[in-house]
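# Overview (structure and organization)
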Amino acid sequence: MIQITLDTQEDRVIALTITGHALSDDLGRDLVCAGVSAIGTGLLNALDRLCPNDYELVLRDGENPLISVLEKNMNDVGKTVLQTSLIQLETIQESFPEYIQIVGGYEDEI
Amino acid sequence: MKFKLNIQLFASKKGVGSTKNGRDSHSKRLGAKSADGQLVTAGSIIYRQRGTKIHPGENVGKGGDDTLFAKVEGVVHFERLGRSKKKVSVYPVA
């Protein structure tokens with residue numbers, strides 16, 4: 001199962017990590033993994049391009065994959081990008097709850 | 001782009017996935033229904049099988065599904081047939 005962990009403060013995500021394996025199908029056919037991989041990597045590239053100095057960004061491939069975003073400075077653009085990516089991940093999680101778990105988050109919906 | 005997309009980043013690299021197996025038929029309860037030396041009546045089923053693991057011998061008939069049955073009342077005997085085959089016969093009790 002893919003685990004997405006959020007840390008939030010007031011109205012923004014200040015930390016997000018994605019770990020684990022979807023295991024929805026064999027390597028090369030795992031569609032849930034493909035969706036999360038694309039959204040996660042796209043999130044990193046968006047933050048890197050739009051607010052390059054305000055987030056610590058980590059992508060680790062291999063047997064223990066990791067995507068990590070950690071806020072260093074408050075940034076409104078980054079806040080919106082993170083909220084958008086979170087909604088995209090929640091969209092996949094809603095359809096494939098057995099393969100994705102989201103821990104933490106806002107008390108109210110975004 | 002600084003971060004290159006690996007579309008299977010969160011897939012298991014060990015190829016773990018679904019199996020295409022996991023099906024089997026119900027058991028058909030084949031095998032011997034009468035023992036060697038047992039007294040049986042005519043029509044009694046002696047051996048249920050698919051194909052002829054055991055061939056019909058004297059006073060034993062073979063049904064459409066290869067079931068061996070006694071044609072007469074008597075005692076069941078499992079015997080050899082040639083070198084590597086087996087048969088079953090029913091011998092009437094005098």
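These remarks concern the structure in this document.

### Some thoughts on the sheet that holds strand β5 (residues 60-62) of chain B
Residues and elements named next belong to chain B. The strand order across the open sheet built from 4 strands is β1-β3-β6-β5, with neighbouring strands paired in antiparallel fashion. Edge positions in the sheet fall to β1 (31-32) and β5, since each has one partner strand and no second. Summarising the sheet, β5 and strand β6 (residues 68-70) pair through 3 bridges and their orientation is antiparallel. Of the residues in β6, the one forming a bridge with Val 60 is Ala 70.

### A few points about the packing of helix α1 (residues 31-50) of chain A against helix α2 (residues 76-95) of chain A
All names here are of chain A. Contact geometry for α1 and α2: axes closest at 10 Å, N-to-C directions at 175°. Looking at the two axes, α1 sits roughly antiparallel to α2. Contacts between α1 and α2 involve Val 32, Gly 35, Val 36, Ile 39, Leu 43, Ala 46, Leu 47 and Leu 50 on the former and, on the latter, Val 77, Gly 78, Val 81, Leu 82, Ser 85, Gln 88, Leu 89 and Ile 92. Looking at the contact of α1 with α2 residue by residue, the classes come out as 12 nonpolar, 4 polar and no charged.

### Observations concerning the pairing of strand β4 (residues 66-71) of chain A
All names here are of chain A. In terms of residue burial, β4 counts as a mostly covered element, since 5 of its 6 residues are buried. Bridge count between strand β2 (residues 12-20) and β4: 5 bridges; the pairing is antiparallel. Across the sheet, Thr 17 pairs through a bridge with Ser 68, a residue of β4. Here strand β3 (residues 55-60) pairs with β4 via 6 bridges, running antiparallel. When the bridges of β4 are listed, Arg 60 appears paired with Leu 66. Between β3 and β4, which pair antiparallel in sequence order, lie 5 residues; one of them, Gly 62, sits at a positive phi of approximately 110°.

Criteria and cut-off values
- Residues numbered from 1 in each chain as written.
- Chains lettered and ligands numbered in written order.
- Predicted model: local features only at pLDDT ≥ 70, side-chain atom pairs only at ≥ 80, totals over all residues.
- Heavy atoms only, no water.
- Pairing = 2+ DSSP bridges.
- Helix = DSSP H or I, 4+ residues; strand = E, 2+ residues; numbered from the N terminus.
- Axes fitted to C-alpha atoms, helices over the stretch in contact; angles between N-to-C directions.
- Parallel < 35°, antiparallel > 145°, perpendicular 65-115°, else oblique.
- Contact = heavy atoms within 4.5 Å.
- Nonpolar A, V, L, I, M, F, W, Y, C, P; charged D, E, K, R; others polar.
- Buried < 20%, exposed > 50% of the residue type's maximum accessible area, 1.4 Å probe, protein only.

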